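# Tertiary structure, described
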Amino acid sequence: MGIAPTVVFDLDGTLVETAPDLVATLNLIFARQGIPPVAYDVARNLVGGGARALIERGLAAEGRKLVPTEVDRLVTDFIAHYAAHIADRSRPFPGVAAALEALASRGCRLAVCTNKLEWLSVRLLGTLALLQKPDPEFLRRTIARAGGAPGHAVMVGDSNSDVAMGRAAGVPVIAVDYGYSETPVAELGPQRVIGTPADLSHTILDLLGIGHRAGTEHA
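Read on for a plain summary of the structure.

Reading the values: rules and limits
Residues numbered from 1 in each chain as written. Predicted model: local features only at pLDDT ≥ 70, side-chain atom pairs only at ≥ 80, totals over all residues. Heavy atoms only, no water. Axes fitted to C-alpha atoms, helices over the stretch in contact; angles between N-to-C directions. Helix = DSSP H or I, 4+ residues; strand = E, 2+ residues; numbered from the N terminus. Parallel < 35°, antiparallel > 145°, perpendicular 65-115°, else oblique. Left-handed = near helix turned anticlockwise from the far one by under 90°. Contact = heavy atoms within 4.5 Å. Nonpolar A, V, L, I, M, F, W, Y, C, P; charged D, E, K, R; others polar. Buried < 20%, exposed > 50% of the residue type's maximum accessible area, 1.4 Å probe, protein only. Arc of directions from axis to C-beta. Core = buried A, V, L, I, M, F, W, Y, C linked by side-chain atoms within 4.5 Å. Pairing = 2+ DSSP bridges.

### Focus on the packing of helix H1 (residues 19-32) against helix H3 (residues 51-61)
At a minimum axis separation of 11 Å, H1 and H3 run at an interaxial angle of 60°. In terms of orientation, H1 and H3 fall into the oblique class. Crossing of H1 against H3: the hand is right-handed. On H3, the residues that touch Leu22, Leu26, Ile29 and Phe30 of H1 are Leu54, Ile55, Gly58 and Leu59. Residues of the contact of H1 with H3, tallied by class, amount to 7 nonpolar, 1 polar and no charged.

### Considering helix H6 (residues 118-128)
Where H6 is concerned, the buried positions are Leu120, Ser121, Leu124, Leu125 and Leu128. The buried side chains of H6 occupy one side of the element, clustering within an arc of 125° when seen end-on. Buried residues along H6 sit in contact with strand E2 (16-17), helix H4 (68-84), strand E3 (91-92) and strand E4 (109-112). Just beyond H6, the residue with positive phi is Ala129, at close to 55°.

### Description of the nonpolar core
Core analysis: the biggest nonpolar cluster contains 51 residues, and Phe9, Phe30, Ile55, Phe78, Val156 and Leu200 have the highest contact counts within it. In contact with Ile55, not counting residues within four places along its chain, are Leu26, Ile29, Phe30, Leu74, Val75 and Phe78. If you look at the next biggest cluster of nonpolar residues, it comprises 15 residues, including Cys113, Leu139, Ile143 and Val173.

### Some thoughts on the sheet that holds strand E5 (residues 153-157)
Adjacent strands of a sheet form backbone hydrogen bonds with each other and so pair up, either parallel or antiparallel. Strand order across the open sheet formed by 5 strands is E4-E1-E5-E6-E7, with parallel pairing between neighbours. Edge strands, defined here as strands with exactly one partner in the open sheet, are E4 and strand E7 (192-194). Taking the axes of each pair of neighbouring strands and ignoring which way they run, one obtains an average angle of 20° across the sheet. Here strand E1 (residues 6-9) pairs with E4 via 4 bridges, running parallel. What sits directly across from Val8, in E4, is Ala111. Packed on one face of the sheet, helix H8 (residues 160-169) meets E5 and strand E6 (173-176) and runs near 175° to E6.

Shown next as structure tokens:
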């Protein structure tokens, strides 16, 4: 039996529109410190890299800098509040669930590689009924744990780190341009760029060389 094709997804900004809850949490903990809120359109593109990175980027956007111990405290507060409100407004991007079902039906193994804490990722994906369990480790480990191999895998993400990780692992990358990258993803050098989750399944299958059976609907 051959190796099953593996599709590894970034989470925030690729599978799920998580910015509403992340930005709301960021501005809540900032308000507790008397720090002005970060405008949503600005903060949305700061998402990615985990809670600490978001807080540090948010502070920089407000022209603030805190000592590491103060940032540590903000990270603790952020995680505590975010965990309790992880899916208040976060939702899968339209078409994502159908795309995952289409890929699974073609024998693809699905995994998640994200900077988000694993237990938060599990909670979010479980709440939204997308995947039973994400695997947020480095890309090669994610593919291996999913039972795949780099030569039969695709990475899907929305940021420079996703593209760079795929390139370093020798895995082709599909970049989505509806996510949280400040740089237009086409400039990052992915193998493909898509503008809507409706294009996910057929683009992934095409890049994997699987193609479509006659009569198969695109997700």
